[in-house]
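Descriptive structure summary
Next come the chains, spelled out residue by residue.
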Amino acid sequence: MEETEQHFADVFGFDPDDTRVFHELMSDIVHIDVHIVPPDENRPFYLLFTTGMSDKPMTLPEECTWDERKIHERAEVYCLLPPDWKFEKFADRDEEKRYMWVIAVLKQIARYPHMCKSCLGSMHSLQFTEENTPFADNTGFCSAVFLSSDERDFGGKYGDRLGYFRTEDGSYINLLCFIPMYEDEMNFKIEKGGNELFLKLFGETVTDFSQLMINVNRESVCMNKCI
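Below: a short report on this structure.

Criteria and thresholds
Residues numbered from 1 in each chain as written. Predicted model: local features only at pLDDT ≥ 70, side-chain atom pairs only at ≥ 80, totals over all residues. Heavy atoms only, no water. Buried < 20%, exposed > 50% of the residue type's maximum accessible area, 1.4 Å probe, protein only. Helix = DSSP H or I, 4+ residues; strand = E, 2+ residues; numbered from the N terminus. Pairing = 2+ DSSP bridges. Salt bridge = Lys/Arg side-chain N within 4 Å of Asp/Glu carboxyl O.

Thoughts on the pairing of strand 8 (residues 172–181)
The element strand 8 is largely enclosed, with a buried count of 10 among its 10 residues. Of the two faces of strand 8, both are covered, the one formed by Tyr172, Asn174, Leu176, Phe178 and Pro180 as well as the one formed by Ile173, Leu175, Cys177, Ile179 and Met181. Looking at chain direction, strand 4 (residues 75–81) and strand 8 are connected through four bridges and run parallel. Note that in strand 8 the partner of Val77 across the bridge is Leu176. Alignment of strand 6 (residues 143–147) against strand 8, held across five bridges, turns out to be antiparallel. For Phe146, the partnering residue across the bridge sits in strand 8 and is Phe178.

Some remarks on the pattern of salt bridges
One pass over the structure, following the stated rule, counts seven salt bridges. One salt bridge in this structure joins Asp40 and Arg43, with 3.1 Å as the shortest N-O distance.

Observations concerning the pairing of strand 2 (residues 33–37)
Judged by how many residues are buried, strand 2 sits mostly within the fold: five of five residues are covered. Along strand 2, one buried face is formed by Asp33, His35 and Val37 and the opposite face, lined by Val34 and Ile36, is buried too. Bridging between strand 1 (residues 20–22) and strand 2 involves three bridges; their strand directions are antiparallel. Note on strand 2: the bridge partner recorded for Val21 is His35. Of the pairings in the sheet, the one linking strand 2 to strand 3 (residues 46–51) comprises five bridges and is antiparallel in character. Bridge assignment links Val37 to a residue of strand 3, and that residue is Leu47.

Here you go:
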């Protein structure tokens with residue numbers, strides 16, 4: 001946990017002591033915490049990232065080599081939120097749900113590969129419910145795709161440091177950016193593949209972190225929305 005927190009601090013330039021952490025009181029399989037880094041003049045966005053997901057290796061396909069397993073079997077998830085996102089002082093329970101869903105979803109993502117004996121990697125997608133129920137009543141987002149800068153050069157000065165890092169014991173920790181999707185975007189990805197979805201979402205490459213910020217009001221890049 002400390003090494004993951006310090007890596008994000010080194011990349012994004014913040015004091016780990018200034019972060020807020022949503023600790024799990026009760027955990028199943030792995031203990032997942034969500035760290036919240038507030039925006040500042042150099043980071044016009046909230047940074048959220050998990051710790052605990054990488055405590056156990058994910059289950060990779062049997063055909064993976066030993067080297068592939070060593071590099072890809074551990075991961076953590078992060079996302080970027082607009083600077084006006086809220087984490088407290090909600091007017092009512094409904095308003096709280098419109099903001100706090102992202103914490104619950106990040107924890108669900110981080111626990112998923114360990115519960116299902118599977119794995120997550122760059123341009124993998126995840127469907128959360130069979131009915132594609134939206135995460136909240138103010139958005140149609142209902143699924144996810146994950147992006148690693150190993151696959152695409154993005155972030156300017158941050159570069160491939162957001163792809164993965166190595167811990168003192170030699171483990172590789174992959175860093176996956178959570179990109180929420182609509183139902184039709186998920187269907188498009190399944191039909192056409194991750195590269196085609198990437199082109200629709202970002203063009204040839206991600207050139208600015210604003211492209212990665214979650215916008216609950218953005219339009220679907222496909223024809224039919226799930227809202």
